[in-house]
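# Geometric and topological summary
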Amino acid sequence: MTETILILGGTKEAAALAADLIRDHPDWRVVTSLAGRTREPKPVAGEVRIGGFGGAEGLADYMRAQHVTRLIDATHPFATTISQNAKRAAQQAGVRLETRMRPPWRREPGDKWIEVASLEEARDAIPAGSRVLLALGRQHIAPFADRPDVHFVVRMVDPPETPLALPDHDLVIGLPGAVAKEEAALLIKHRVTHIVCRNSGGSGAYAKIEAARALGLPVIMVNRQET
Ligand code: NAP
């Protein structure tokens, strides 16, 4: 039976999955859905649709209209709203749902992690006078605005459209370094004393964790919430 697969994407793993499915099942229709947050998303094999569906109901309507036979949630582990919508929409539309979630990073010997449950807890865990690599998307930096006693180094994939509401910061535009050596060079150049990041898992953003381990720097790690 030919299938119509809808992949909820926006991750490297989702793009790899689309390519694998198309290679292994050339007769299947494979559609990857992106939220549209990145200005120039990397090319994805198969069909791509961009933008929100309008909640779980909108996603269920889309799946009915497109005769989707299987929904695969391969979104980022911190993209919790879309994952909750996927569960509800799959039930509503009677479509089988598979979830492909990256496992979280585990603490290795030499890691100095301060584990917290939220961005607000991360903000409060930063010692005064620190220099912090804020390895978070632009939509997550607002809680750090009331720490004028901290110097932030903010890394973003795309330049922000409006100035960041952080009192004291340097902006680094670009993707995370692929290897620890590259990340260590950035940490040393900016005299970083702490990293704040979320436990995303996967390999794409792990080099900074290895660099912090090598340099003996503490990482304030925001853990995942149950969805
Ligand atoms: P979110 O908070 O879970 O979702 C917010 C809304 O964005 C959803 O209700 C949905 O709008 C829309 N949306 C999210 N993912 C979508 C998708 N794949 N296709 C179509 N609409 C989508 O999500 P988020 O944290 O803003 O992340 C957005 C996307 O970026 C996700 O696809 C995720 O895989 C990717 N991403 C996120 C992070 C992160 O740190 N959160 C990191 C890397 C990549 P409607 O309700 O209108 O359908």
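About the thresholds
Residues numbered from 1 in each chain as written. Predicted model: local features only at pLDDT ≥ 70, side-chain atom pairs only at ≥ 80, totals over all residues. Heavy atoms only, no water. Phe/Tyr/Trp six-rings, centres within 6.5 Å; stacked < 30°, edge-to-face > 60°. Lys NZ or Arg CZ within 6 Å of the ring centre and 35° of its normal. Near = heavy atom within 4 Å. Polar contact = N/O pair within 3.5 Å; in protein donor to acceptor, adjacent residues only side chain to side chain. Areas by Shrake-Rupley, 256 points an atom, 1.4 Å probe, with all protein chains shown as cover. Domains from an automatic or database assignment. Contact = heavy atoms within 4.5 Å. Buried area = accessible area lost by both parts, 1.4 Å probe. Salt bridge = Lys/Arg side-chain N within 4 Å of Asp/Glu carboxyl O.

Within this structure, the stated rule accounts for three aromatic pairs. The ring of Tyr62 has Arg49 lying over it, and the distance from NZ or CZ to the ring centre is 5.3 Å. Its guanidinium or amino end placed over the ring of Phe78, Arg198 lies 4.5 Å from that ring's centre, counting from NZ or CZ.

Neighbouring the ligand are 22 residues, the closest being Gly9, Ser33, Phe53, Gly54 and Arg198. Ser33 places a side-chain nitrogen or oxygen 2.7 Å from a nitrogen atom of the ligand. Asn85 is positioned such that a nitrogen or oxygen atom in its side chain is 3.4 Å from an oxygen atom of the ligand. Notes on the ligand: free accessible area 800 Å², of which the protein chains cover 79%.

Turning our eyes to something else, we now look at the domain arrangement of the chain. Interface size, as often reported, equals the accessible area lost upon joining of the parts. Split by domain assignment, the chain resolves into domain 1 (4-99) and domain 2 (112-222). Of note, the centres of domain 1 and domain 2, computed from C-alpha atoms alone, are 30 Å apart. Tallying the contact residues gives nine residues for domain 1 and twelve residues for domain 2. Together domain 1 and domain 2 conceal approximately 790 Å² of surface at their shared face, both sides included; 44% is due to carbon and sulfur atoms. When the area that domain 1 buries against domain 2 is broken down by residue, the three leading residues are Arg37, Arg39 and Phe78, summing to 61%. If you look at where domain 1 meets domain 2, you find zero salt bridges. The interface formed by domain 1 and domain 2 includes one residue pair in polar contact (both at pLDDT 80 or more).

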